[in-house]
Amino acid sequence: MAVGREEVQIFKPRTDKREYRRIVLKNSLQVLLISDPETDKCAASMNVSVGSFSDPVGLEGLAHFLEHMLFYASEKYPLEDSYSKYITEHGGCTNAYTSSEHTNYHFDVNSDCFEDALDRFAQFFIKPLMSADATTREIKAVDSENQKNLLSDAWRMNQLHKHLSDEGHPYHKFSTGNWDTLEVRPKAKGLDTRQELIKFYDENYSANLMHLVIYSKESLDKIQSLVEDKFQEIRNNDRSFLSFPGQPCTSEHLQILVRAIPIKQGHKLKIIWPITPGILHYKEGPCSYLSHLIGHEGEGSLFYVLKTLGWATGLAAGEGDWATEFSFFKVVIDLTDAGHEHMQDIVGLLFKYIRLLQQSGVSKWIFDELAAVCETIFHYQDKTPPIDYVVKIASNMKLYPPKDWLVGLSLPSNFCPSTIQLVLDQLSPNNVRIFWESKKFEGQTGKVEPWYGTAYTVEKITSSMIQEWMLSAPNDKLHLPAPNVFIPTDLSLKDAQEKVKFPVLLKKSSYSSLWYKPDTVFCTPKAYVKIDFNCPHGGSSPEAEVLTDIFTRLLMDYLNEYAYYAQVAGLYYGIANTDSGFQVTVVGYNHKLRILLETVIKKIAKFEVKPDRFSVIKEMVIKEYENFKFQQPYQQAMYHCSLILQNQAWPWMDELEVLPHLEAEDLAKFVPLMLSRAFLECYIAGNIERSEAESIIEHIEDVFYKGPIPICQPLFPSQHLTNRVIKLERGKNYFYPIEGSNPSDENSALVHYIQVHRDDFMLNVKLQLFAFIAKQPAFHQLRSVEQLGYITVLMGRNDSGIRGVQFIIQSTVKGPRHVDLRVEAFLKMFETKLYEMTNEEFKNNVNALIDMKLEKHKNLREESGFYWREIYDGTLKFDRKDSEVAALRQLEQREFVGFFNEHIKVGAPQKRTLSVRVYGSPHSSEYAIDNSESVASNSVAIDDIFSFRRSQPLYGSFKGGLGHMKL
């Protein structure tokens, strides 16, 4: 491999102004340099071509464990966690992941600290320290990560697919690792895990197996000299790239039907074939072509037919679980109860559709249309955060030639029918694997997968059986999709008359308000439209909330076969229920956006209940509510925290109770009532002129308010909606103990919430500065040192403009009351550090937070999300970033310490805390003890959430307040 700079023309989007350069260092490390003078953040990603397939036998999870260990320390920076500390203190974040054939490490940071951060990062690959003490502690973190996954159907079923493969193939392995594989079993064999870790690193982490991407605002020459300085010391022991030839599935693992029992309610059918990896033919795009057709949802598609029969609620098709030497094509179908009874017919219909593709031949117009859509999406892609961008490219570098590093699989361009035919021929009854998941199989399985304990059974099926299923399947009209009318052809940019920095209120009436923000920044042919239907009847009771939910899902259901074409063409829509009605969102290329939006509006206005679809959606909603109890304990704790704080929230238990009794006629009566009083809050942004924005809203007003018999009437002033939040009492520690809703889950969880204030720039920045400074020390102490659990987070919280901070911790090792005490112990330790902080350290933290606040929005969606939050909460502080930066610049250290002493410090007389404690099965005995113990005078147990909510004062609402009411 030639060393130095190579003039390779890297193919990039037409709209991309960034500069790219490929270099190869003397140690054979391949690097892509990216110069973006406009960026606020710099980022780096190192991709090492070694993953869990390389785990030694009997040390499952070693590659993943090594990924964890490299974060700890290095010879040059021996202080534990100093890398993460440096990055976090300078506005960045760090992460890593291990896949089957590679491990990726990445970070981003404020641009003025990039050189120092990069130096720390490079040491991962030069001289890491793996102390014995840290090794033992971090095995516990890996074990906790695995504990979190044990009751996740995605992890369980993925491992079952691996389990039913050739034991001699690395695909068969368990890749996460746990206490047993990394501590107990190695010890029993006389192995020292730390020595094995060092040996694995020395053997596999070689510069020639690494690919690095650097994203900076400096010039390419400057970045190059920086990289040459920092990374040339990485050892190159000319390790050959590992390959794993052979197929994971032998004949024994093909033509099988596996029945498996999931954790959650619902039935799934997964039909899987081993295929030639798409990566070998990435320009021809065989899997893109086939997944486009088999996964299509328009009229005549497999999904359309299954949906019409009432058998399926979702279908996805495409390549998955692929590696360089093997791959699988998967069709995943979410079944209804009726669909579960027709498994053979559904498999028969799938094979009938595949036969249709065989008989129709590979179609040039379909390929050309798909290629044209992919080309538009590539050339007009949104900018993404640098950290995401570098990870994506670094993982492409081993797989593609340098010119296609940015492209990857995203641009099929060579029409080659024989290549598509090759993969299509592999989707045959002879090598199919069918996985059928349902709780209905309980008591009928005889086997258990060893790592996750999934119960299953296997039976062989034959081609002739599948032929019979095809013959007996319904004779529905399957056909190929029609040409896509939603493909944009006008990608020109409108001339924004107003060069406005913030959204402007174009109009306000008793019907609606319209906020408008033309795109003056991103210069893409895209727009963003949000219409919030404020309907007081929409959230007035548990029944109303459930009916609104079913109404929005039915709308999506009715529109699906039409709007799916728009989605393929890069124009997306959503209809979702809110606490007080529902929202319509349309985002994507602006050329045909209005056609889609007006179709959605018409469907709402002329809504009718189709009883057959109502039944399907109702069944799906019931299962979703029933599955709430299988959420991770930390998610349950966060849910209960919101339920306690948000005055108008209905509990899911009440909604589940009313659901079975609701019928189609209830919805038919409810929708006109819900729409009878409404106010529309609208936001239109992007490549749309002012006059068009006004005309869109005029049309919507005409539809709803101006017909001969109006569908909607304006709200009464007394009906304008509010979002009120419970005001906790000063000096009180509230706690809400509850047993986890899934008795099989061994995890407990804590949300320790500190409520501080109602939106105010100066108080906001004091709170944000605390969270910013305390975030990394909290992670270090509570996770790295004390090993309470893999999920350990300190973050800000904003409930409709009411600000606070929360610790979120999930643990199997300690009960939530103990974890709560550890959070308080941490705050006491932090208090000492805070008092010792020098003025220079304080200023550095303030400046890092200012840099983060000044970070520009990357794309229209991100910007619109920011402004919409201001509109939806009613805070309307569009200049929030600038104002908070100004407040930070005025902030004195003594004021900040005073803020901590008043609101955060343990025992502060003004402090308001709420601890939500979810007790997992190992800690259920503690639940009874903790509940019966007498509590301190300032501690208050919440027994009943709703009695508590009724007894508490409320903060004033920004929404529906004076600024919003005057017309």
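- Looking up the protein in an unreviewed UniProt entry gives the name Insulin-degrading enzyme-like 1, peroxisomal, with the organism given as Hevea brasiliensis.

1. Quick notes on the pairing of strand 25 (residues 792-799)
Part 1: Note: strand 25 against strand 26 (residues 802-811), eight bridges, orientation antiparallel. The residue bridging Gly-796 from the neighbouring strand is Val-805, located in strand 26.

2. Quick word on the packing of helix 17 (residues 542-568) against helix 18 (residues 593-605)
Part 1: With their axes 10 Å apart at the nearest point, helix 17 and helix 18 run at an angle of 150° to one another. Classified by the angle their axes make, helix 17 and helix 18 are roughly antiparallel. Judged by the twist between their axes, the crossing of helix 17 over helix 18 is right-handed. When helix 17 is examined against helix 18, the residues Phe-551, Leu-555, Tyr-558, Leu-559, Tyr-562, Ala-563 and Ala-566 are found in contact with a partner set consisting of Ile-595, Leu-596, Thr-599, Val-600, Lys-603 and Ile-604.
Part 2: Taken together, the residues of the contact of helix 17 with helix 18 sort by class into eleven nonpolar, one polar and one charged.

3. Describing the sheet that holds strand 18 (residues 512-518)
To summarise the sheet geometry, strands pair through backbone hydrogen bonds and adopt either a parallel or an antiparallel arrangement.
Part 1: The mixed open sheet is built from six strands, whose spatial order is 17-18-22-19-21-20. Of all strands in the sheet, those with a lone pairing partner are strand 17 (504-508) and strand 20 (571-578), marking the two edges. This sheet shows a mean twist of 15° between the axes of neighbouring strands, independent of strand direction.
Part 2: Here strand 18 pairs with strand 22 (residues 679-686) via seven bridges, running parallel. Each residue of the ladder has a partner; that of Trp-515, found in strand 22, is Tyr-683.
Part 3: The strands touched by helix 17 are strand 20 and strand 21 (581-589); relative to strand 20, the strand with the most contacts, the crossing angle is about 175°.

4. Some thoughts on helix 22 (residues 664-676)
Part 1: Compared with an ideal rise of 1.5 Å per residue, which puts 13 residues at 18 Å, helix 22 spans 19 Å between its outermost C-alpha atoms and is within 8% of the ideal.
Part 2: Those residues of helix 22 that fall on the buried side of the exposure criterion are Ala-664, Leu-667, Phe-670, Val-671, Met-674 and Leu-675.
Part 3: Looking at the packing, one finds that the buried side of helix 22 touches helix 17, strand 21, helix 18 and helix 19 (611-626).

5. Points about the side chain of Thr-913
Part 1: Note on placement: Thr-913 falls in strand 27 (residues 912-919).
Part 2: By relative accessible area, which is 2% here, Thr-913 ends up buried.
Part 3: Ignoring any residue separated from it by four or fewer positions in sequence, one finds Thr-913 in contact with Leu-728, Lys-732, Asn-733, Tyr-734, His-752, Tyr-753 and Ile-754.

6. What to know about the pairing of strand 7 (residues 103-110)
Part 1: Counted residue by residue, strand 7 has eight buried out of eight residues, so it is predominantly covered.
Part 2: Here strand 6 (residues 93-98) runs beside strand 7; their pairing, made up of six bridges, is antiparallel. Its bridge partner lying in strand 7, Tyr-97 is registered against Asn-104.
Part 3: Count of turn residues in the strand 6/strand 7 antiparallel hairpin: four residues.

What counts, and at which threshold
Counting of residues starts from 1 at the beginning of each chain's written sequence and follows it residue by residue. At least 70 in pLDDT is required for a residue's local features to be given in this predicted model, at least 80 for side-chain atom pairs to be given and counted, and no such filter applies to totals for whole chains, interfaces and linings, which use all residues. As a rule here, side-chain values cover all heavy atoms of the structure and leave hydrogens and water aside. A pair of strands is labelled paired if DSSP reports no fewer than 2 bridges between them. Segments assigned H or I by DSSP are reported as helices when at least four residues long, segments assigned E as strands when at least two residues long, and all are numbered from the N terminus. Here, axes are lines fitted to C-alpha atoms. For helices the fit covers the stretch in contact, and angles between N-to-C directions go from 0 to 180 degrees. Our angle categories are set so that under 35 degrees counts as roughly parallel, over 145 as roughly antiparallel, 65 to 115 as roughly perpendicular, and the remainder as oblique. For a crossing to be left-handed, the near helix must be turned anticlockwise from the far one by less than a right angle; the clockwise case is right-handed. What makes two residues a contact is simply this: any of their non-hydrogen atoms within 4.5 Å. As a working rule, the residues Ala, Val, Leu, Ile, Met, Phe, Trp, Tyr, Cys and Pro are called nonpolar, Asp, Glu, Lys and Arg charged, and the rest polar, with Gly in that last group. To estimate how far a helix should reach, multiply one less than its number of residues by 1.5 Å. When a residue's accessible area, from a 1.4 Å probe over protein chains only, is under 20% of the maximum for its type it is buried; when over 50% it is exposed; and in between it is partly exposed.

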